[in-house]
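# Fold and contact review
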Amino acid sequence: MAIATVVFLCGTPFYRHKLPGGSPITSIAQVVVAAIRKRNMRVPSDMSLRYEDQDLEPIKSGQRHLSHTDNFRFLDKATIMVQDSSEWNIDTQGSTKPNPWKLCTVTQVEETKLILRMVPIWLSCLTFGLAAVSQNTSFFVKQGTTMDRRIGSHFKIPPVSLGVFSTISGLVCVIVYDRYIVPLARRIKGNERGITVLQRIGIGLLFSVLCMVTAALTERKRIHVAEIYGFLDSPKATIPISVFWLAPQYVLAGIADVFTLVGLQEYFYNEAPDSMRSLGIAFYVSILGVSSILNGLVITLVEGISKRGGHPGWFVNNLNRCKLEYFYWLLAIFSAINLCCYVYIAQIYTYKKVRQTISNPGK
């Protein structure tokens with residue numbers, strides 16, 4: 001930590017600071033308000049009749065202009081220029097600037113559309129965090145505590161360390177993906193990236209479904225062995241089944257992480273507007289946080305429903321009497337339905353279209 005601190009302090013003077021360009025929430029609100037103000041107007045088909053500022057402020061120098069897209073056409077009303085003096089303000093230097101709450105640029109409207117197009121992708125990836133990510137550090141570990149973790153006669157694998165299977169599979173998957181999958185996809189599809197970022201995320205969602213199916217089958221095997229040896233009512237007993245039976249589900253979870261989590265990070269960074277990159281990163285990080293909260297809510301909901309009619313429920317203190325396999329099958333079904341929804345969303349998705357780059361006049 002001391003060495004890392006020294007290196008950090010030495011590199012601080014060379015860090016390239018970027019001045020804030022305003023709140024992204026304010027920018028989005030301006031577009032919505034301006035569009036509502038002009039809700040009764042008709043959007044002209046001639047793009048020259050829509051406002052686009054060619055001389056942005058210095059703090060926004062380097063921001064790229066975005067091309068018009070056909071999504072969320074109602075917001076295009078915010079770019080309509082009318083002969084109304086209230087739409088323009090005169091600053092202290094005598095130059096006129098538009099009132100941002102009445103007239104917005106095409107780029108500002110397209111930035112708002114980008115954020116709105118991100119929301120369905122964000123929602124469709126919450127199930128991934130609920131299934132592959134949350135279970136990886138909770139029920140998977142609890143399963144391992146009841147299984148035979150011995151290697152040799154003197155060493156036992158700590159249950160938490162089973163996550164090393166995900167790490168190793170992830171590292172191997174990254175190498176295979178970069179060295180073999182991407183070049184092959186380039187030759188087949190002619191795409192520089194091999195596969196699009198949304199296709200990469202979709203592959204990870206598919207592996208999360210397989211992970212849940214594998215986890216359900218493994219849990220069925222664990223309970224079957226416990227039943228044979230009479231350990232169903234002995235929660236502290238070690239079931240004579242190797243902990244390495246859990247390796248496949250950890251491996252699949254690691255592969256799913258490589259495709260989906262890395263893909264999501266790339267997607268939110270590339271597709272976020274230049275002036276809202278922090279919001280894009282917030283979208284990515286919030287998937288893990290929100291999915292963890294959803295995991296607790298789903299477990300509480302399932303527990304309450306399964307206890308109706310005097311039944312013991314799916315979750316009890318004795319893991320051998322839990323209906324954990326049912327819960328895994330439920331997550332597998334949710335993940336499969338979510339994957340179908342994601343495929344539809346990805347097919348109609350419109351990627352960011354950059355029209356030109358505004359150069360810095362100081363260079």
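Residues numbered from 1 in each chain as written. Predicted model: local features only at pLDDT ≥ 70, side-chain atom pairs only at ≥ 80, totals over all residues. Heavy atoms only, no water.

## Quick word on the overall build of the protein
Rules: Secondary structure elements follow DSSP: runs of H or I no shorter than four residues count as helices, runs of E no shorter than two count as strands, and numbering proceeds from the N terminus. Only the C-alpha atoms count toward the radius of gyration. The rule for a globule is 2.2 Å times the residue count to the power 0.38. Burial classes follow relative accessibility: with a 1.4 Å probe on protein chains only, a residue under 20% of its type's maximum area counts as buried, one over 50% as exposed, and anything between as partly exposed. Contact between two residues is taken to exist if any of their heavy atoms lie within 4.5 Å; hydrogens are not considered. Each accessible area is a Shrake-Rupley estimate made with a 1.4 Å probe; only the visible protein chains count as cover when residues are assessed.
Assigned secondary structure in the protein consists of 10 helices and eight strands. Over its C-alpha atoms the protein spans a radius of gyration of 27 Å, topping by over 25% the 21 Å that the globule rule assigns to 363 residues. Seen through its C-alpha atoms, the protein measures out along the principal axes to roughly 85 × 55 × 45 Å. Taking all 363 residues of the protein together, 42% fall into the buried category. Counting only contacts in the protein whose residues sit at least 6 apart along the sequence, the fraction spanning at least 24 positions is 80%. Working note: accessible area of the protein is about 20300 Å², and carbon and sulfur atoms make up 63% of it.

## Some points on the packing of helix α2 (residues 24-37) against helix α3 (residues 106-124)
The line we're drawing: Each axis is a line fitted through C-alpha atoms, and for a helix only the stretch in contact is used; angles between axes span 0 to 180 degrees, taken between their N-to-C directions. In these notes the angle categories are as follows: under 35 degrees is roughly parallel, over 145 is roughly antiparallel, 65 to 115 is roughly perpendicular, and the rest is oblique. Only Asp, Glu, Lys and Arg are considered charged, only Ala, Val, Leu, Ile, Met, Phe, Trp, Tyr, Cys and Pro nonpolar, and every remaining residue, Gly among them, polar.
One way to put it is that α2 packs onto α3 with a least axis distance of 9 Å and a crossing angle of 110°. On the basis of their axis angle, the class for α2 and α3 is roughly perpendicular. Counting all contacts with α2, which are made through Ser27, Ile28, Gln30 and Val31, the residues of α3 involved are Gln108, Val109, Glu111, Thr112 and Ile115. By residue class, the composition of the contact of α2 with α3 is four nonpolar, four polar and one charged.

## Topic: helix α4 (residues 126-136)
Of all 11 residues in α4, 10 are buried, a share of seventy percent or more. Here α4 has its buried residues at Leu126, Thr127, Phe128, Gly129, Leu130, Ala131, Ala132, Ser134, Gln135 and Asn136.

## A word on the side chain of Ser134
Its place among the elements puts Ser134 in helix α4. Sequence-distant contacts of Ser134, defined by excluding residues within four places in its chain, comprise Gly129, Ser291, Ser292 and Asn295.

## What to know about the pattern of salt bridges
Quick note on the threshold: A side-chain nitrogen of Lys or Arg and a carboxyl oxygen of Asp or Glu constitute a salt bridge if their distance falls within 4 Å.
The tally for this structure, following the rule as stated, stands at eight salt bridges. Of the charged contacts in the structure, one is a salt bridge between Arg200 and Glu266, with a shortest N-O distance of 3.9 Å. Linking Arg200 in helix α7 (residues 197-228) with Glu266 in helix α8 (residues 247-271), this pair joins segments that are 66 residues apart in sequence. For Arg200, a relative accessible area of 10% translates into the label buried. Taking relative accessible area as the criterion, Glu266 reaches 26% and is therefore assigned partly exposed. One salt bridge connects Glu219 with Arg222, and the closest N-O pair in it is separated by 2.9 Å. Pair noted here: Glu219 and Arg222 are both in helix α7, with a separation of three residues, about one helical turn. Classification of Glu219 as buried rests on a relative accessible area of 1%.

## Some remarks on the confidence of the model for the protein
The condition that has to hold: Residue-level confidence of the predictor is what pLDDT reports, using numbers from 0 through 100.
Averaged over every residue, the pLDDT of the protein is 84; residues scoring 70 or more account for 91%. This stretch, residues 358-363, has a pLDDT under 50; its non-local contacts, to residues over four places away or in other chains, come to eight contacts.

## Digging into the nonpolar core
For soluble globular proteins, nonpolar side chains are generally found buried alongside one another. To keep things clear, this is the line we draw: Among buried residues, those of type Ala, Val, Leu, Ile, Met, Phe, Trp, Tyr and Cys that are joined through side-chain atoms within 4.5 Å constitute a nonpolar core.
Judged by nonpolar contacts, the single largest core of 36 residues is most densely connected at Met212, Phe327 and Tyr328. Of all the secondary structure elements, the ones that give two or more residues to this core are α4, α5 (139-145), α7, β7 (239-242), α8, α9 (277-306) and α10 (324-348). No other element matches α7, which puts seven residues into this core. Core analysis: the next-biggest nonpolar cluster, separate from the first, contains 28 residues, Ile121, Leu261, Leu264 and Met276 among them.

## Looking at the packing of aromatic side chains
The test is simple: Aromatic rings from Phe, Tyr and Trp, taking only the six-membered ring of Trp, are treated as a pair when their centres fall within 6.5 Å; an angle between ring planes under 30 degrees marks them as stacked, one over 60 as edge-to-face, and anything in between as tilted.
Taken as a whole and assessed by the stated rule, the structure comprises 15 aromatic pairs. When the ring of Phe140 is compared with that of Tyr250, the centres are 5.4 Å apart and the planes differ by 70°; the resulting orientation is edge-to-face. One end of the pair, Phe140, is in helix α5; the other, Tyr250, is in helix α8, with 110 residues separating them in the sequence. With respect to burial, Phe140 and Tyr250 carry one shared label: buried. Consider the rings of Phe140 and Tyr328, whose centres lie 5.8 Å apart with planes at 75°: the pair is edge-to-face. Of this pair, Phe140 sits in helix α5 while Tyr328 sits in helix α10, and the two are 188 residues apart along the sequence.

## A word on unusual backbone geometry
Even without being glycine, Phe72 reaches a positive phi, approximately 50°. Inspection of the secondary structure puts Phe72 in the loop between β1 (64-66) and β2 (88-90). Phe72 gets classed as partly exposed once you look at its relative accessible area, which sits at 38%.

## Regarding the side chain of Asn320
Applicable threshold: Any N or O atom pair separated by 3.5 Å or less is treated as a polar contact, with the protein-specific requirement of one donor-capable and one acceptor-capable atom, and with residues adjacent in sequence counted only for side-chain atom pairs.
Position of Asn320 relative to the elements: it lies in the loop between α9 and α10. In this structure the side chain of Asn320 is engaged in a polar contact, spanning 2.8 Å, whose partner is the side chain of Arg222. A distance of 2.9 Å separates a polar atom in the side chain of Asn320 from the backbone oxygen of Phe231. Beyond its immediate stretch of four places on either side in the chain, Asn320 contacts Arg222, Ile223, Phe231, Leu232, Ser234, Pro235 and Ile239.

## A closer look at the environment of Thr214
Note on placement: Thr214 falls in helix α7. With 183 residues separating them in the primary sequence, Thr214 and Val31 have C-alpha atoms 47 Å apart. Ignoring sequence-local partners within four residues, the contact set of Thr214 consists of Pro248, Gln249 and Leu252.

## Details of a nonpolar patch on the surface
Convention followed: A patch consists of residues exposed above 30% relative accessible area that lack any salt bridge, with like charges linked at up to 9 Å and nonpolar side chains (Val, Leu, Ile, Met, Phe, Trp, Tyr) linked at up to 5 Å.
Taken together, the side chains of Val164, Ile168, Val172, Val176, Tyr180 and Ile181 define a hydrophobic patch exposed on the protein surface, amounting to about 530 Å² of accessible area. Turning to its location among the elements, Tyr180 is positioned in helix α6 (residues 164-189). The exposed category is assigned to Tyr180, whose relative accessible area is 59%.

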